[in-house]
Amino acid sequence: MPELPEVETTVRGLRPVLEGHRLTRVEPRRADLRHAIPADLRQRLTGATVTGLGRRAKYGLIETDRGDTLIFHLGMSGRWRIDPDGIGKHDHLLLETESGHVLALNDPRRFGSLDLVPTNALENFAAFKALGPEPLGPDLTSAYLAGRLDGRIAPIKLLLLDQRVIAGLGNIYVCEALNLARINPRKPGGQVSGPALGRLVEAIPKVLDAAIDAGGSTLRDYARPDGQLGYFSTQFRVYGREGEKCPYDRGIIRRQVDGGRSTFWCPKCQR
Ligand SMILES: [Zn+2]
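Reading the values: the criteria
- Residues numbered from 1 in each chain as written.
- Predicted model: local features only at pLDDT ≥ 70, side-chain atom pairs only at ≥ 80, totals over all residues.
- Heavy atoms only, no water.
- Donors = N, O, S within 2.8 Å, 3.2 Å for Na, K, Ca; no water.
- Helix = DSSP H or I, 4+ residues; strand = E, 2+ residues; numbered from the N terminus.
- Buried < 20%, exposed > 50% of the residue type's maximum accessible area, 1.4 Å probe, protein only.
- Pairing = 2+ DSSP bridges.
- Axes fitted to C-alpha atoms, helices over the stretch in contact; angles between N-to-C directions.
- Phe/Tyr/Trp six-rings, centres within 6.5 Å; stacked < 30°, edge-to-face > 60°.
- Lys NZ or Arg CZ within 6 Å of the ring centre and 35° of its normal.
- Salt bridge = Lys/Arg side-chain N within 4 Å of Asp/Glu carboxyl O.

## What about the coordination of the zinc ion?
Reasoning step 1: Protein coordination of the zinc ion is provided by C246 (SG), D249 (OD), D249 (OD), C266 (SG) and C269 (SG), with donor distances spanning 2.3 to 2.7 Å.
Reasoning step 2: Mapped onto the polypeptide sequence, the residues donating to the zinc ion form the spacing pattern C-x2-D-x16-C-x2-C. Note that C246 is positioned in the loop between β9 (227–228) and β10 (254–258) and C266 in the segment after β11 (261–265), a separation of 20 residues in sequence. Of the two residues examined, C246 and C266, each falls in the buried class.

## Focus: the sheet that holds strand β3 (residues 59–64)
Reasoning step 1: Across the sheet, which stays open at both edges, the 4 strands sit in the order β2-β3-β4-β8 with antiparallel pairing between neighbours. In the strand order of this sheet, the two ends are held by β2 (50–56) and β8 (113–118), each with one partner. Across the sheet, the axes of successive neighbouring strands diverge by a mean angle of 20°, strand direction being ignored.

## Some words on the packing of aromatic side chains
What characterises a pair of aromatic rings is the spacing of the ring centres plus the angle enclosed by the ring planes.
Reasoning step 1: Counted under the stated rule, the structure contains 7 aromatic pairs.
Reasoning step 2: Relative to Y239, the ring of F236 lies with its centre 5.7 Å away and its plane at 75°, an arrangement referred to as edge-to-face.
Reasoning step 3: Judged by relative accessible area, Y239 falls into the partly exposed class, the value being 24%.
Reasoning step 4: On the basis of an interplanar angle of 65° and a centroid distance of 5.0 Å, the ring pair of Y239 and F264 is categorised as edge-to-face. Pair noted here: Y239 is in the loop between β9 and β10 and F264 is in strand β11, with a separation of 25 residues, a long-range link.
Reasoning step 5: Taken together, the ring pairs connect Y173, F236, Y239 and F264 into an aromatic cluster.
Reasoning step 6: In this arrangement the basic side chain of R182 is found over the ring face of Y248, its NZ or CZ atom lying 5.3 Å from the centre.

## Description of the pairing of strand β4 (residues 68–73)
Reasoning step 1: The buried count for β4 comes to 6 of 6 residues, which makes it a mostly enclosed element.
Reasoning step 2: Neither face of β4 is open: one carries D68, L70 and F72, the other T69, I71 and H73, and all of them are buried.
Reasoning step 3: Relative to β4, β3 runs antiparallel, the two being bridged by 5 bridges. Considered in β4, the bridge of E63 is made with T69.
Reasoning step 4: From the end of β3 to the start of β4, which pair antiparallel, there are 3 residues, and G67 there has a positive phi angle of about 85°.
Reasoning step 5: As paired strands, β4 and β8 are joined by 6 bridges and run antiparallel to one another. When the sheet's bridge partners are listed, T69 is paired in β8 with V117.

## A word on the pattern of salt bridges
Reasoning step 1: Per the stated rule, a full pass over the model turns up 13 salt bridges.
Reasoning step 2: The closest approach of N and O atoms between R164 and D162, which form a salt bridge, is 3.0 Å.
Reasoning step 3: Given a relative accessible area of 16%, D162 falls into the buried group.
Reasoning step 4: Here E244 and R241 are joined by a salt bridge, their closest N and O atoms 2.7 Å apart.
Reasoning step 5: A relative accessible area of 21% places R241 in the partly exposed class.
Reasoning step 6: Each of E8, R12, R55, R56 and E134 takes part in one network of salt bridges that share partners.

Right, dumping it as structure tokens:
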């Protein structure tokens with residue numbers, strides 16, 4: 001499943017192909033993904049020039065000179081293909097630019113989404129309304145976290161997965177950040193010490209940036225025909241490493257499953 005680093009890498013990979021370019025063809029190939037694709041998407045985007053690309057939480061943003069922003073979510077299996085060899089049944093939206101590039105949004109499981117929202121009303125988009133600060137932005141500080149976690153008895157791991165606390169952070173990177181910050185995932189949020197929160201707000205962008213860098217190094221490959229954006233392998237500290245040794249202290253990494261989600265942590269340094 002694409003997490004924030006994959007979405008960020010996708011946006012960076014799309015930027016050189018789309019930014020400043022006019023869309024000469026916009027072709028939705030079905031009526032819906034997770035929810036309906038706007039019926040007027042073709043009409044509103046054809047002929048528009050892409051003025052910028054961005055990301056909010058795990059949503060990609062494609063802004064146009066018509067005052068609309070196309071918001072895409074990759075769901076469980078979505079990816080953009082640049083200049084694909086052929087168009088398949090899982091390519092649900094095609095974009096063609098005046099320079100002749102073709103982009104296909106491919107999503108076999110169709111848990112992704114496409115929305116078109118006035119750029120000046122982006123913050124009113126339902127999925128954006130209650131979002132906390134971006135984990136890579138300046139608003140994620142230990143003072144902010146201390147305020148949000150104050151008095152909370154829910155485990156710190158669950159609170160970090162709450163999109164109202166931090167936007168776009170998923171299970172993998174919460175496990176990674178908690179190990180880097182040496183915090184027990186099950187510790188009640190309100191009991192995490194000030195110094196530990198200081199380590200945490202440094203650890204969160206660090207694990208995300210490392211993954212984005214790993215994705216960025218694969219961006220070169222996207223120049224090839226049929227290049228696929230957004231998926232790459234990353235070396236994790238603890239995620240998926242049950243029974244292996246913690247990078248800090250060679251403690252044995254454990255795994256516990258709660259509500260279908262796996263938590264990986266080192267009982268030695270994450271007390
Ligand atoms: Zn350890």
